[in-house]
Amino acid sequence: MDILTNKWKHKANVLMHKTYLSLLWILLMANVLVGSTALQAESNDFSGRDILFLHTDRDLYIAGENLYFQIYHIEGIANKATGRLTYLVLQNQHGHLIKKLILRLNNHRFHGRIYLPDTLSTGSYQLITYTNQMRHPDQLHQKHKTAVFIANRFDETLEGLKLNTSDSLIRTFSHQNRKMDARRGYSPTLKTDRTTYGRREKVKLQINPASGPNSLQHLSVTVAHHLSFLAHNEDGKPEAEQLHETESEYQTQTQSAYHHENENLILEGRVIDRHSDAGLANVRVTLSTPDSLLNFNYANTGDNGDFHLSIHDFYLDKPLYLSLDTSSLEAAARLLVFDKFDIRSSAQPASFRFLPQHKAYVQSSQEYVRISKAFELDYTRQTAEELKAPSYRPLLYAVPKHTVKPSLFMPLNDFHEISRELLSPLRLRRQANRFLARMQIERTAYQFFDKQPAVFLDAIPVADINAIIPLESADIKRIEMQNFHWAYGSMRFDGILAVFSKAEAYRRLNLPEHASMIEGYSLLQPAAYQPPDYRLQGEQLTRTPDLRQLLHWQPDIQLKDAGSFDTSFFTGDLKGLYLIKAEGITIDGKRVTAVSSFIVE
Amino acid sequence: MKSQKIQPILLICMLLVATEARLQQPASNHNQDFQPHLAGEVYSPTAIFSGSPYYINAWSIGQVFLKAGKTADSCMLRYDGYLDELFWLTHDSYDQVMLDKDLIAGFRLFDASRQQWIDFEQIEVSDPLTGAKRKIFAQLLLQDELSLYVYRYVRETGATTSVMQAGQLVSRRVIGPEYQYFLLDKNGDSRRIQMNRRSFLQSFPEKRRELRWELRRMRNRIRNEQQLVSAVRLLNALHINE
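Residues numbered from 1 in each chain as written. Chains lettered and ligands numbered in written order. Predicted model: local features only at pLDDT ≥ 70, side-chain atom pairs only at ≥ 80, totals over all residues. Heavy atoms only, no water.

Draft legend 1. Spotlight on the overall build of chain B. Secondary structure assignment for chain B yields four helices and 12 strands. Burial status across chain B gives 40% buried among its 242 residues. In chain B, 52% of the contacts between residues at least 6 apart in sequence involve partners at least 24 apart. Here chain B has roughly 14,200 Å² of accessible surface; of this, 49% comes from carbon and sulfur atoms. (Helix = DSSP H or I, 4+ residues; strand = E, 2+ residues; numbered from the N terminus. Buried < 20%, exposed > 50% of the residue type's maximum accessible area, 1.4 Å probe, protein only. Contact = heavy atoms within 4.5 Å. Areas by Shrake-Rupley, 256 points an atom, 1.4 Å probe, with all protein chains shown as cover.)

Draft legend 2. Highlighting the packing of aromatic side chains. Using the criterion set out here, one finds 30 aromatic pairs over all chains in the structure. When the centroid spacing of 6.0 Å and the interplanar angle of 85° are considered together, the rings of Tyr 321 of chain A and Tyr 506 of chain A count as edge-to-face. With Tyr 321 of chain A in strand β18 (residues 320–324) and Tyr 506 of chain A in the loop between β28 (491–501) and β29 (516–518), the pair connects residues that are 185 residues apart, well separated along the chain. By way of ring pairs, the aromatic residues Phe 296, Tyr 298, Phe 456, Tyr 488 and Phe 493 of chain A are connected into one cluster. Here the guanidinium or amino end of Arg 284 of chain A rests over the ring plane of Tyr 298 of chain A, the centre of that ring lying 5.4 Å away. Cation over ring: Arg 78 of chain B sits above Tyr 54 of chain B, and NZ or CZ is 3.8 Å from the ring centre. (Phe/Tyr/Trp six-rings, centres within 6.5 Å; stacked < 30°, edge-to-face > 60°. Lys NZ or Arg CZ within 6 Å of the ring centre and 35° of its normal.)

Draft legend 3. Representation of the sheet that holds strand β8 (residues 144–151) of chain A within the structure. All names here are of chain A. Read from one edge to the other, the open sheet built from five strands follows the order β2-β8-β7-β4-β5, with strand pairing classed as mixed. In the strand order of this sheet, the two ends are held by β2 (60–62) and β5 (97–105), each with one partner. Averaged over all neighbouring strand pairs, the angle between strand axes comes to 25°, with direction disregarded. Where helix α4 (residues 357–374) meets the sheet, it contacts β2 and β8, and its direction lies at approximately 40° from that of β2. (Pairing = 2+ DSSP bridges. Axes fitted to C-alpha atoms, helices over the stretch in contact; angles between N-to-C directions.)

Draft legend 4. Layout of the environment of Thr 222 of chain A. Residues and elements named next belong to chain A. Among the secondary structure elements, Thr 222 is positioned in strand β12 (residues 216–225). Judged by relative accessible area, Thr 222 falls into the buried class, the value being 2%. C-alpha of Thr 222 to C-alpha of Pro 526: the two residues are 304 residues apart in sequence and 17 Å apart in space. A distance of 2.7 Å separates a polar side-chain atom of Thr 222 from the backbone oxygen of Asp 57. (Polar contact = N/O pair within 3.5 Å; in protein donor to acceptor, adjacent residues only side chain to side chain.)

Draft legend 5. Fine view of the pattern of salt bridges. What the rule picks out here adds up to 32 salt bridges over all chains. Asp 573 of chain A is the partner of Arg 199 of chain A in a salt bridge, and the nearest nitrogen-oxygen pair spans 2.9 Å. Here Arg 199 of chain A is found in the loop between β10 (196–197) and β11 (202–208), whereas its partner Asp 573 of chain A is found in the loop between β32 (565–570) and β33 (576–586), with 374 residues between them in sequence. A salt bridge links Glu 178 of chain B to Arg 155 of chain B; the shortest N-O distance between them is 3.2 Å. Of this pair, Glu 178 of chain B sits in strand β11 (residues 168–184) while Arg 155 of chain B is found in strand β10 (residues 147–165), placing the two residues 23 residues apart along the sequence. For Glu 178 of chain B, a relative accessible area of 26% translates into the label partly exposed. Exposure remark for Arg 155 of chain B: the relative accessible area of 37% places this residue in the partly exposed category. (Salt bridge = Lys/Arg side-chain N within 4 Å of Asp/Glu carboxyl O.)

Draft legend 6. Summary view of the sheet that holds strand β9 (residues 189–192) of chain A. Residue and element names in this part refer to chain A. In space, the three strands of this open sheet follow the order β9-β11-β32, with antiparallel pairing throughout. What marks the edges here is a single partner per strand, and that holds for β9 and β32. Taking each pair of neighbouring strands and ignoring which way they run, the sheet shows an average axis angle of 25°. Alignment of β9 against β11, held across four bridges, turns out to be antiparallel.

Draft legend 7. Spotlight on the packing of helix α3 (residues 208–218) of chain B against helix α4 (residues 225–237) of chain B. Residue and element names in this part refer to chain B. In contact at an axis separation of 11 Å, α3 and α4 are set at 135° when each is read in the N-to-C sense. Overall, the two elements α3 and α4 adopt an arrangement that is oblique. Here the hand of the crossing between α3 and α4 comes out right-handed. In contact with Leu 211, Glu 214, Leu 215 and Met 218 of α3, α4 contributes Ser 230, Ala 231, Leu 234 and Leu 235. (Parallel < 35°, antiparallel > 145°, perpendicular 65-115°, else oblique. Left-handed = near helix turned anticlockwise from the far one by under 90°.)

Draft legend 8. Spatial organisation of α4 of chain B. Residues and elements named next belong to chain B. For α4, which comprises 13 residues, the first-to-last C-alpha distance of 18 Å matches the rise-based estimate of 18 Å (1.5 Å per residue) to within 8%. Buried within α4 are the following residues: Leu 228, Val 229, Ala 231, Val 232, Leu 234, Leu 235 and Asn 236. For α4, the elements touching its buried residues are β9 (133–142), β10, β11, β12 (190–193), α2 (197–203) and α3. Residue Asn 224 occupies the N-cap position of α4, its side-chain oxygen lying 3.1 Å from the main-chain nitrogen of Gln 226. (Expected span 1.5 Å × (residues − 1).)

Draft legend 9. Summary view of the environment of Ser 126 of chain B. Residue and element names in this part refer to chain B. By the element assignment, Ser 126 lies in strand β8 (residues 116–126). The sequence separation of Ser 126 and Arg 155 amounts to 29 residues, and the corresponding C-alpha distance is 19 Å. Apart from the residues lying within four places of it in its own chain, the contact partners of Ser 126 are Gly 131, Ala 132, Lys 133 and Ser 190.

Draft legend 10. Quick peek at helix α5 (residues 415–422) of chain A. For α5 of chain A, the full list of buried residues reads Phe 415, His 416, Ile 418, Ser 419 and Leu 422 of chain A. Contacts from the buried residues of α5 of chain A go to β22 (402–404), β23 (426–431), β24 (434–439), β27 (476–488) and β28 of chain A.

Draft legend 11. Local environment of a positive patch on the surface. Residue and element names in this part refer to chain B. A contiguous patch of positive charge, built from Arg 198, Arg 208, Arg 209, Arg 212, Arg 216, Arg 221 and Arg 223, is present on the exposed surface. Of all the elements, α3 adds the most residues to the positive patch, at four residues. Positionally, Arg 223 belongs in the loop between α3 and α4. (Patch = residues over 30% accessible without salt bridge, like charges linked within 9 Å, V, L, I, M, F, W, Y side chains within 5 Å. Lys, Arg positive; Asp, Glu negative; His and termini not counted. Charge placed at Lys NZ, Arg CZ, Asp CG, Glu CD.)

Draft legend 12. Examining the environment of Ile 150 of chain A more closely. Residue and element names in this part refer to chain A. Among the secondary structure elements, Ile 150 is positioned in strand β8. Judged by relative accessible area, Ile 150 falls into the buried class, the value being 0%. Sequence-wise, Ile 150 and Leu 120 are 30 residues apart; in three dimensions their C-alpha atoms are separated by 7.5 Å. With residues near it in sequence (within four places) discarded, Ile 150 still touches Tyr 61, Ile 62, Ala 63, Leu 90, Leu 116, Leu 120, Ser 121, Thr 122, Gly 123 and Tyr 125.

In structure tokens form, the structure reads like this:
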């Protein structure tokens, strides 16, 4: 009995030990997983895997036309922000960037247009869209690329159009799409009320999502002449292209330099030693923009010399002045600003299939565009979406202690006279043909600060007060003085002198060596395609030719699992076969495409 | 033998705690790099009074809400009720900075003694005698259609006292805390109220009967701040509109 009891006890102990070990293992793994999830959440820069999709209204354009596009963003794991800054570039086959655009997505979407300048030469082009995160070398393949072909309006030879003697375009196109749809599993169906229409007739289109577990998250529809759509050669992979970053000085950008731009654009750069090119830590980089209020911002460089500044909407469409705070410099330094458009994408031109009919089509399209321009026909409508967030303006102070308007007094010839007659807290002393400034301390009578005040002209820092001495009363709108020992973050000022001019006198300032001026960033405004509406048969509409090859462009359609979407549009004056192409994204990020056609007689 | 059994249990408990702690770990704040910079005068007021001008004597951790909509987090702050100014202790050089009042919409302080956060907002009130408008920092007691604020200022009492300083007896003016209560409606119009029931009822004559009945039912004589808050809550419930 004792033996049995001992045996059972032994077995129980073994079982208990096994249980303990299992529990320990589970808990250890849990800690590891929690740690890696936390790490993922913290380093959301690279594990989020945001995906962008870009749809265009057509594949073939004539220079001088508008290219309409829609961008969709599928959010990554950790990054759930709805507002997001996105970059869009148009690159030619030699790798030169023709257009550089910045967009702010609204609820993960943006639709707009790009005007294709008349000067573009005939050839393949790429539209590349990416976020700031995707500029990182590890994220290069996440950029979305779409290939288009642009023919110059004045190109008579059209040598860039390499004709192919393959099957008809529709069969090729449909075949390619069937292959894609077969991979994806389903696509919406497109149905028009008729198959043949006359000139300027109404076409009713119904889009039905296919039944299935996944809803379509985004959908855009385009209707254009069938020859506007191009099929790719079987070996072309315009969308899955791997980018190969060439060596550049930006190759050594650290992870911290690629910020999520969820709300504002982030200006990134580095301060390096002028001689050794090593990054300089703890250097203060200041940012200003010309304005009627004294705005000022700064950032400190990190250990590797990198810095980043948030560009609020207040800074958009304005020149940006960057400078180094010399009090924080110990060595000769150079300021580098990283170019958001330096993506170094490999320019592998897409290989399109052109049918023999394409040459005549392009030649006639060139004529149509010429006529449309003569009639000044533009079917673009700016949408009234509010892009700019309530503007945060980083001010150095709210209200100055002293304000003087020279126009209220007798005209004076230079700033030295102005300071002597009108600016009692400011003293300018001449020393060897140069002026030194000191400001009187507001709180203690007749005492002056040891150091010179910070001087600003139109909110731009002025390194040397002698630069503003030539300004006379007629040049100056107002002068502000803040004669306190002033703190702005970790910066300290022995008084502040701000001069605001009448005629942008800041433009005449010579920038110091360690300063830089950037023209400024602008956001592309959303735009929609607005074709003529022939329900209203006005005299003007009757006389105006309608040589549109794009009949309808409707981005941003949202479908649910159940229910269809109905839309309508009018045909133009051009006869021919027209394709209706619907491109969409499912909720799980899969692309779907559907194609249909009708004839205009 | 017993300790051998307890050890694995202890180990498991430690791991459980560790896992729980990791799970509750908040995500790091990526926005810390883009905090707004606070601006103000580097200034240390000269202590020439007997009594403290500060609402909370010690520096408190807090937030500053700027008028532009941005927030500066994790700042060491102190509210000077005598000057009606907010002071910030800079983390790098430990300068005392009197923040630019015109840039501030409000702030929040942590009262360690009561273990609670206190919200202050900059409001505009009218002087009852002159009608002139002035801006003050007032503590928010109740946020509703009619919000209740208290202006916790410090003033000279008129008395003087003698204190020993460097071995000498010196005279100092005595300062002490005072309170003024304001009601603010959604339009920003303010009205000062007193902390007693009679005055409270007189301020709202059209609902006087209803208010009196409810206050009596609640046995609320409005003799302290809590009772005043309760009375204003009642006021809002009765949907009194001016």
